[in-house]
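A look at the structure
One-letter residues, chain by chain:
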Amino acid sequence: MSDVMTHVDSEDAGGTREVPPAQDHARGAHAWFIIVICLLGISSGPAAFCLASIGLFSEPLSREFGWDRTGISLAVSLMMLFTAISLPVIGRFIDRFGVKKVLIPSVALQALCFLVAPLMQSYWQFIAIYIAIGTIAVGSNSVPYMRLLSTWFDRSRGLAIGIAGSGTGLGFAYVPILTEVLVNHFGWRGGYIGLGMILLLVTLPLVAFALRESPSHETDDSEQEAGTDGAVKQVSGYTLREAIFKREFWSLVTIFMALAFVLYGLIPHLVPLLTDRGVSASKAAQLASAFGAAAFAGRLMIGFLVDRHDARVIAFIFFSLSALGIAIFLLPLPFWTLYCAAILLGGSLGAEVDMLAYLTSRYFGLRSFAEVFSVLFSAVMVAMGLGPLAFGVVFDASGSYQSILMLGIPICVFAVIMLLTLRPYSQRRRGGPVSMT
């Protein structure tokens, strides 16, 4: 009996390649180890480390420097704006030079920004640090991890992206607790140093020494993977210039900007919305927690489902539920129904960025995945920033969230209808070599 197993590396290959069982098993095991590293890396990215910690720094910074909360939160808003501007540039660098050559210096620079924060003496220095995180350290965002996962995984790509993407939720869970402990024991300066040291001593070694650009096996003649120097060579798919002339590109922009505007607009206003309706602060916090748990579970569930079913159908179902969730918040229904609404909306929130990454890889391939995805993600980030502002403006003008919620329903319905315009993505050339994972 032969001591090797036959394995087709690509649906287009037109032949087979013999891979020793031990080698194939090791490759599969390391692929799932890559997911864990990406999960931890995303959990320590700017989204979690900056957004989840700023509330804990606000009071001590206000006491020492006299800055108001609007001024402190402006730093995070500017960071997001500059991230949206910088992502397309870093995406191009990732596709040209490889993931690790961008990720390693970006994580190091993010750590440096946190470590120099205790030295700041004026407000402009505080703003400059967060702008630096959104520009020179922008490569520590989720884009390189999504590029890496799309290279490693084909059959289980949705699940891989879903698991790793849940790292944002993981970060939002442990960063506030960790920051509170550090600030209580060592002050706000110690808090920044502690977060910086985690990046320097945990995240940086993981991405530098444990990550591999792509599986070690060769691909077929039509697709190549990262070379030994870490740079990404030519693979199948569209360039950004080619992608922007595709109908699917603009459909994805429209769909995910619409959803991000509504869902991320609601997040910071969820607890005030509930307390305005007479819900106690403790119950409102419980609902917010259910919202977050649903987002975490939604990412895992959707990642599992899109590997087995048409991603457009899964997106249609979950995004339709978001419109239903908003409708529940609008109607005078019993309190228990609000839990249903929070779960429905949270499930949708867990879907949109991961689904965007998955569909980008399927429609446009891996040739310029990071650049194409970063442009799409930048557009979504603009909507993420405008949503909370729109909710706040409407409330200040009318004293209620009813109007913006009523607007949110047709926006979600419009996004769902736009999903119907997406054509089936190719199953023959899905963006990467078909591997055991």
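Predicted model, so just to flag it, every value in this text is computed and none were measured.

Criteria and thresholds
Residues numbered from 1 in each chain as written. Predicted model: local features only at pLDDT ≥ 70, side-chain atom pairs only at ≥ 80, totals over all residues. Heavy atoms only, no water. Axes fitted to C-alpha atoms, helices over the stretch in contact; angles between N-to-C directions. Helix = DSSP H or I, 4+ residues; strand = E, 2+ residues; numbered from the N terminus. Parallel < 35°, antiparallel > 145°, perpendicular 65-115°, else oblique. Contact = heavy atoms within 4.5 Å. Nonpolar A, V, L, I, M, F, W, Y, C, P; charged D, E, K, R; others polar. Polar contact = N/O pair within 3.5 Å; in protein donor to acceptor, adjacent residues only side chain to side chain. Buried < 20%, exposed > 50% of the residue type's maximum accessible area, 1.4 Å probe, protein only. Salt bridge = Lys/Arg side-chain N within 4 Å of Asp/Glu carboxyl O. pLDDT = per-residue confidence, 0-100.

With that settled, consider the packing of helix α5 (residues 99-116) against helix α6 (residues 123-135). Where α5 meets α6, the closest approach of the two axes is 9 Å, and the angle between their N-to-C directions is 170 degrees. By the angle class used here, α5 and α6 are roughly antiparallel. In contact with Cys 113, Phe 114 and Val 116 of α5, α6 contributes Ile 129, Ala 132 and Ile 133. Considering only residue class, the contact of α5 with α6 consists of 6 nonpolar, no polar and no charged.

Turning to the environment of His 185, a few remarks are in order. Looking at the element boundaries, His 185 is found in helix α9 (residues 167-210). At 2.9 Å, the side chain of His 185 and the backbone oxygen of Val 181 are in polar contact.

Bringing the environment of Ile 314 into the picture now. Following the sequence through the fold, Ile 314 ends up in helix α14 (residues 311-330). Among the residues examined, Ile 314 registers a relative accessible area of 7% and is labelled buried. Along the primary structure Ile 314 and Gly 303 are separated by 11 residues, whereas in three dimensions their C-alpha atoms are 9.8 Å apart. Not counting chain neighbours up to four residues away, the residues in contact with Ile 314 comprise Ile 302, Leu 305, Val 306, His 309 and Met 355.

Counted according to the given criterion, the structure contains 7 salt bridges. In this structure, the salt-bridge partner of Arg 147 is Asp 95, at a minimum N-O distance of 3.3 Å. With Arg 147 in helix α7 (residues 143-152) and Asp 95 in helix α4 (residues 69-97), the pair connects residues that are 52 residues apart, well separated along the chain. Take Arg 147 and Asp 95: they sit in the same class, and that class is buried. In this structure, the salt-bridge partner of Asp 310 is Arg 312, at a minimum N-O distance of 2.5 Å. Arg 312 sits in the buried class, given a relative accessible area of 19%.

Let us look at the confidence of the model for the chain. Residues at a pLDDT of 70 or more form 84% of the chain, whose mean pLDDT is 79. Ranking the helices and strands of the chain by mean pLDDT puts α5 first, with 95, and strand β1 (residues 5-7) last, with 34. pLDDT under 50 marks residues 1-26. Its contacts with residues more than four places away, or in other chains, come to 41 contacts. Counting interchain partners and residues more than four positions distant, the pLDDT-below-50 stretch residues 427-437 has 47 contacts.

Now for the packing of helix α11 (residues 247-266) against helix α16 (residues 352-364). Direction vectors running N to C along α11 and α16 enclose 175 degrees, while the axes themselves pass 11 Å from each other. One way to sum up the angle between α11 and α16 is to call them roughly antiparallel. Here Glu 248, Phe 249, Leu 252, Phe 256 and Tyr 264 of α11 lie close against α16, whose contacting residues are Glu 352, Val 353, Met 355, Leu 356, Leu 359, Tyr 363 and Phe 364. For the contact of α11 with α16, the residue count by class is 10 nonpolar, no polar and 2 charged.

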